[in-house]
Amino acid sequence: MNQKTSMQIDNFLPYMRDVIRCEQSLHELNLMWRIIESSAKMNCPVEAKSILPTMAKTRESFSRLESELVLSLVQEKVATVLDEIGTKSQFVIDILVRNLYERTADVGFLATDNELCAFVAGLSGNENSARYRLRAYRSKYTVYDEIILLDVHGNVLVQINQESPIEGSLDPLIMETLATDDYVETFRASDLRPNKHKALIYSKRMLHPSTGVPIGVLCLCFNFTQEVEGIFKSHGDPSQRSVMLLLDGDNHVIESSDRLWVPIDTIVPVNMDGKPNLLMYGGREYLVRTFAAEGYQGYMGPKGWQGQVMTPIEVAFSGQDSDTLKTLDPVVAEGLLSHAQSFCPPLFEIMTAAETIRRVVWNGQVMTAGYGGELLKLKTILDQISETGTRSNELFSQSINDLYETVLASRLQDAEFASHLLVDLLDRNLYERSDDCRWWAVTPELRTAFAAPHMDTNTVGHITDILEYINKLYTVYTRIFVYDNTGKIIASTNPNDEINGSIIGREIDQDTLAKVMSLKTDQQYYVPPFRPDALYDGAPTYIYHAAIMAPDSATVVGGVGIVFDSANEFFAMLQGGIAEKESMSAFYIDRQAKIISSTDPTRPVGTTLEIDANLLALPNGKSASCIVTHDNHYQIMGCSASNGYREFKVNDGYKEDVIAVVFDSFGEVRERSVAGNNTASIIETSNIHSGGLEFATFFIDGGLFAIEAEHVLEALAASEISPVSMGSRSERVGVLAIQHESEDHAYAWVFDLGYLLSGVPSKRDSSSQVVVINYGQHKVGLLISALHSVAEFNRDQVSTTPLTSDSRGSLIKQIIKANDGKLLIQEIDIEYLLRMLSSPFDEIDTREVVNG
């Protein structure tokens, strides 16, 4: 038994008012179909003999629908909620892990800082100078709320936060850190952070500059609570219908978006495999999704940490009102709906059921067309079928509309959230780049070397070694280089350009140099616009620059440039954000719609993305979503404008807006018409006199057509067509078994009536039907778009078309003016149609074509 069929719908149904209403209506209609079938058997068994099997089939269908349809509706709603909270729970842990990955690089680099190592070794410097340097670091990397240097015995040498002074520590992490060459990640209560319930500390041993012997420990204390609160605030549920959590490996709550609701340190139930089960916590039942970290650059985050979102079942399906369909172009809505089988199978099941009921009623009306006498009893039964069928169609139409609305609203929300996630990832990542370039620019060795009148080969070699060491720790850069105050590159990692050879001695562009030379403090930096650059092999990227200032003044003596690997890093962000879903594509663009990164190979970086101008003007921090036609596909588009992170792009003087755009494809654009669902297509019968003409009506590509009802045998689902390879006629689409009781084991060729009328092959979907006509000895199936009704018209409503004066005739014989001429229906000339299909110019034998 699969996961879906094992779902206990009784656990969820009480919280889905719309599904309960649907279930009650289905039950009532099922009972009505039973009554009609029983009445037909008792009152007119002979007359009803031909339709009783169909009626029985309809009743059986309703019995099945009562359980299967309700199950499908419940499954879809539960899956929608689980998908929504699952995306958020995965984001909680993944974005935090990406952030913490940067911390592992930070502690590794800062622990080798020569100035700090000399202070800890007692070779130079003092407590004040060390604190000044650490605070300079903290002013750039604002994610830390404390930085501490300790000796090998745990004595505190210096800390930046003097408001909560500590003299020493007995924390085992000190000995653990001294014993390894790697960093140590610790999350628990620690005497290093006495005022914290728990602290997240990254520690690394420091070595003597001359002997390499361990001399102390560097501790970077991550402002964990502030960071997670920021994630919760930015990406939590604004309606407060769910709670967002961070858990450890034992399912204890580390952080909660609502500590009164789910307190810290409590144990909560988890749902790692996404099963549709209700889990109990604190006396309430919840839908829950839990995700472990996927990892980033090989780093998996603190052991066992998980992201989780919990939604109480009583509010999980409420507050989801939407008016998406009211604002959507009806043609787009109808075309999009034609792909329901792929994007929402339960919706497709309801549509299929609706077509089945419509076909039953249509066939019943066709069966009694033109008859009176004893068949009047059957007509009474058929009137009941028609009335019940109308009620059934209304129910299905409402169910289709409600579920369609729910699915679209959910997908719109998902796309919007995904774009928000992507732009947040970008801002957080580039925040780190602004920190890196500024900190590396204050490296004492660089400041001293560039302030000197001359720089010898040994000094250049030493600088290159420093840059190489940095680049090994920070792999998001393809090149880190330094240049003097004339813009000439003095040293660089990866110095050889594949096209132009070494970049050493090359000069940066004068505009960038002027901007760097004008920087006043080590807190400032400069980033040229996203553009192609020879330092990135001619590809477009961001290059972050910071000024190298003389040791004892604010005089700019050079600069440092870091080349961000935008192609790989941005692409990885986009791919991770859409989870590599085949139906989705994602982009980073600027305010002019120029593409910065793309998962769509047909739209490379530097080209322009077609997007509404209003979305390009989206305010910072805002998101939007809509349904569009893009690349000849129906797509849901979500987009979000960047809003910065911490001080980055907020109050640091840097402005470079980026918009994340996500497309989710639902299928190719189909030429559809909404006529079948349009009230303008309802035929008024109040002024029809007895003795009129009866026609069976149907749609072909939105146009309404008719055939004299007496020549129609039955309608069958187009899915019953069996394709055949013999013959070369474009309009012939296959063969069909006739199911009418009078036609035992008979078959008919099926022809595409839309193709015969327009020369364009019809596209089949769940609404497509085959109308079987019976004219003389000939039986032929005609593929049509959808059934409409069987109606009687006064003779004066029918008029001949001008084309019939042509001696060759015409496929459209007459025009029926319904609803006082407001609705025109084209009548198919069956005799002319059969002549077309048995043309002497066709190589296929006439009898083979038209005989069953």
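Predicted model only: the values in this text are computed from it and were never measured.

1. Some words on the overall build of the protein chain
At step 1: Within the protein chain one finds 19 helices and 34 strands.
At step 2: Taken over the C-alpha atoms alone, the protein chain extends approximately 115 × 65 × 45 Å along its principal axes.
At step 3: The burial tally for the protein chain puts 55% of its 852 residues in the buried class.
At step 4: Counting only contacts in the protein chain whose residues sit at least 6 apart along the sequence, the fraction spanning at least 24 positions is 63%.
At step 5: With an accessible surface of roughly 37,400 Å², the protein chain has 49% of that area assigned to carbon and sulfur atoms.
At step 6: A distance of 1 Å separates the average location of the 71 positive side-chain charges in the protein chain from that of its 114 negative side-chain charges.

2. Description of unusual backbone geometry
At step 1: Positive phi, close to 55°, is recorded for R646, a residue that is not glycine.
At step 2: The topology assignment puts R646 in the loop between β22 (633-641) and β23 (659-668).
At step 3: Unusually for a residue other than glycine, N819 sits at a positive phi of about 55°.
At step 4: Mapped onto the elements of the fold, N819 is located in the loop between β33 (812-818) and β34 (823-828).
At step 5: On the basis of relative accessible area, N819 is assigned to the buried category, the value being 8%.

3. Quick notes on the packing of helix α12 (residues 444-451) against helix α13 (residues 457-473)
At step 1: The N-to-C vectors of α12 and α13 enclose an angle of 150°; their axes lie 11 Å apart at closest approach. Looking at the two axes, α12 sits roughly antiparallel to α13. Pair α12 / α13 crosses with left-handed handedness. Contact residues: E445, L446, A449 and F450 in α12; T459, H462, I463 and I466 in α13.

4. Focus: the sheet that holds strand β32 (residues 798-800)
At step 1: If you trace the 6 strands from one edge of the open sheet to the other, you get β31-β24-β25-β34-β33-β32, paired in mixed fashion. The two strands at the open ends of the sheet, each matched to only one other strand, are β31 (786-793) and β32. Recorded for the sheet is a direction-independent mean angle of 35° between the axes of neighbouring strands.
At step 2: Here β32 runs beside β33; their pairing, made up of 3 bridges, is antiparallel. Bridge assignment links S799 to a residue of β33, and that residue is I815.

5. Considering the sheet that holds strand β17 (residues 543-549)
At step 1: Read across the open sheet, the 4 strands follow the order β12-β11-β18-β17; overall the sheet is antiparallel. Looking at strand neighbours, the two that pair on one side only are β12 (489-492) and β17, the edges of this open sheet. When the angles between neighbouring strand axes are averaged without regard to direction, this sheet yields 20°.
At step 2: Pairing geometry for strand β11 (residues 477-484) and strand β18 (residues 556-564), over 7 bridges, is antiparallel. Among the inter-strand pairings, D484 is bridged to a residue of β18, identified as G558.

6. Focus: the packing of aromatic side chains
At step 1: One pass over the full model with this rule turns up 31 aromatic pairs.
At step 2: Ring centres 6.3 Å apart and planes at 85° place the aromatic pair Y542 and F570 in the edge-to-face group. Here Y542, found in the loop between β16 (540-541) and β17, pairs with F570, found in helix α15 (residues 566-577); they are 28 residues apart in sequence, far enough to count as distant.
At step 3: One aromatic cluster is present, built from ring pairs that chain together F109, W440, Y469, Y474 and Y477.
At step 4: When the ring centre of W749 is taken as origin, the NZ or CZ atom of R732, which lies over that ring, is 4.0 Å away.

7. Topic: the domain arrangement of the protein chain
At step 1: As far as domains go, the protein chain holds domain 1 (9-83 + 326-413), domain 2 (102-221), domain 3 (227-315), domain 4 (432-565), domain 5 (568-668) and domain 6 (679-838).
At step 2: Placing a centre on the C-alpha atoms of domain 4 and another on those of domain 5 gives a separation of 30 Å.
At step 3: Summed over both partners, the interface of domain 4 with domain 5 comes to about 1,000 Å²; 57% of that surface belongs to carbon and sulfur atoms.
At step 4: The tally of links between domain 4 and domain 5 comes to 0 salt bridges.
At step 5: Scanning the region where domain 4 abuts domain 5 turns up 4 residue pairs in polar contact (both at pLDDT 80 or more).
At step 6: The element best represented in the side of domain 4 that touches domain 5 is helix α11 (residues 375-441), accounting for 3 residues.
At step 7: A per-class count over the side of domain 4 that touches domain 5 returns 10 nonpolar, 1 polar and 3 charged.

8. Focus: the side chain of E827
At step 1: Structurally, E827 is set in strand β34.
At step 2: Although E827 is buried, it makes no salt bridge; K813 carries the closest opposite charge, 4.6 Å away.
At step 3: In contact with E827, not counting residues within four places along its chain, are F695, A706, E708, V798, L811, I812, K813 and Q814.

9. Quick look at the pattern of salt bridges
At step 1: A complete count under the given rule lists 33 salt bridges for this structure.
At step 2: Note that D436 is salt-bridged to R433, the shortest N-O span being 3.3 Å. Highlighted residues: D436 and R433, both in helix α11, separated by 3 residues, approximately one helical turn. Of the two residues examined, D436 and R433, each falls in the buried class.
At step 3: Ionic contacts of the salt-bridge type, sharing partners, join the residues D145, E146, R193 and K196 into one network.

10. Remarks on empty space enclosed by the protein
At step 1: This model, assessed by the stated rule, comprises 7 cavities of 30 Å³ or more.
At step 2: The wall of the largest cavity is formed by I95, R98, N99, E102, Y296, L425, R428, N429, E432 and M573.
At step 3: Of all elements in the fold, only α2 (52-110) and α11 reach the threshold of two or more residues within the lining of the largest cavity.
At step 4: Looking at the lining of the largest cavity residue by residue, the classes come out as 4 nonpolar, 2 polar and 4 charged.

11. Quick notes on the nonpolar core
At step 1: Residues L287, L347, Y542, Y544, F570 and Y588 are the most contacted members of the largest nonpolar core, which totals 165 residues.
At step 2: Per-element tally for this core: the top contributor is α11, with 26 residues.
At step 3: Grouped together as the second largest cluster of nonpolar side chains are 30 residues, F705, I773, I828 and L837 included.

12. Details of the confidence of the model for the protein chain
Note that predicted coordinates carrying low pLDDT should not be read in detail.
At step 1: Confidence along the protein chain averages 87 in pLDDT terms, with 91% of residues attaining 70 or more.
At step 2: Across residues 1-5 the pLDDT falls below 50, and counting only partners more than four positions away or on other chains, this stretch makes 7 contacts in the model.
At step 3: Counted against residues more than four places away or in other chains, residues 674-680, with its pLDDT under 50, gives 10 contacts.

13. Regarding the pairing of β31
At step 1: In terms of burial, β31 is largely enclosed, as 7 of its 8 residues are buried.
At step 2: The pairing of strand β24 (residues 693-700) with β31 spans 7 bridges and is antiparallel. Note that in β31 the partner of E694 across the bridge is E792.

14. Describing the environment of I174
At step 1: Within the secondary structure, I174 sits in helix α5 (residues 173-178).
At step 2: Look at I174 and you get buried, because its relative accessible area is 3%.
At step 3: Spatially, the C-alpha atom of I174 lies 33 Å from that of M244, the residues being 70 residues apart in sequence.
At step 4: In contact with I174, not counting residues within four places along its chain, are L150, D151, V152, G154, S169 and V217.

Reading guide: rules and limits
Residues numbered from 1 in each chain as written. Predicted model: local features only at pLDDT ≥ 70, side-chain atom pairs only at ≥ 80, totals over all residues. Heavy atoms only, no water. Helix = DSSP H or I, 4+ residues; strand = E, 2+ residues; numbered from the N terminus. Buried < 20%, exposed > 50% of the residue type's maximum accessible area, 1.4 Å probe, protein only. Contact = heavy atoms within 4.5 Å. Areas by Shrake-Rupley, 256 points an atom, 1.4 Å probe, with all protein chains shown as cover. Lys, Arg positive; Asp, Glu negative; His and termini not counted. Charge placed at Lys NZ, Arg CZ, Asp CG, Glu CD. Axes fitted to C-alpha atoms, helices over the stretch in contact; angles between N-to-C directions. Parallel < 35°, antiparallel > 145°, perpendicular 65-115°, else oblique. Left-handed = near helix turned anticlockwise from the far one by under 90°. Pairing = 2+ DSSP bridges. Phe/Tyr/Trp six-rings, centres within 6.5 Å; stacked < 30°, edge-to-face > 60°. Lys NZ or Arg CZ within 6 Å of the ring centre and 35° of its normal. Domains from an automatic or database assignment. Buried area = accessible area lost by both parts, 1.4 Å probe. Salt bridge = Lys/Arg side-chain N within 4 Å of Asp/Glu carboxyl O. Polar contact = N/O pair within 3.5 Å; in protein donor to acceptor, adjacent residues only side chain to side chain. Nonpolar A, V, L, I, M, F, W, Y, C, P; charged D, E, K, R; others polar. 1 Å grid on protein atoms, 1.4 Å probe; cavity = no way out; pocket = protein on both sides within 12 Å on 5 of 7 lines; lining within 4 Å. Points joined across faces, edges and corners; volume = space filled by probe spheres on them. Core = buried A, V, L, I, M, F, W, Y, C linked by side-chain atoms within 4.5 Å. pLDDT = per-residue confidence, 0-100.

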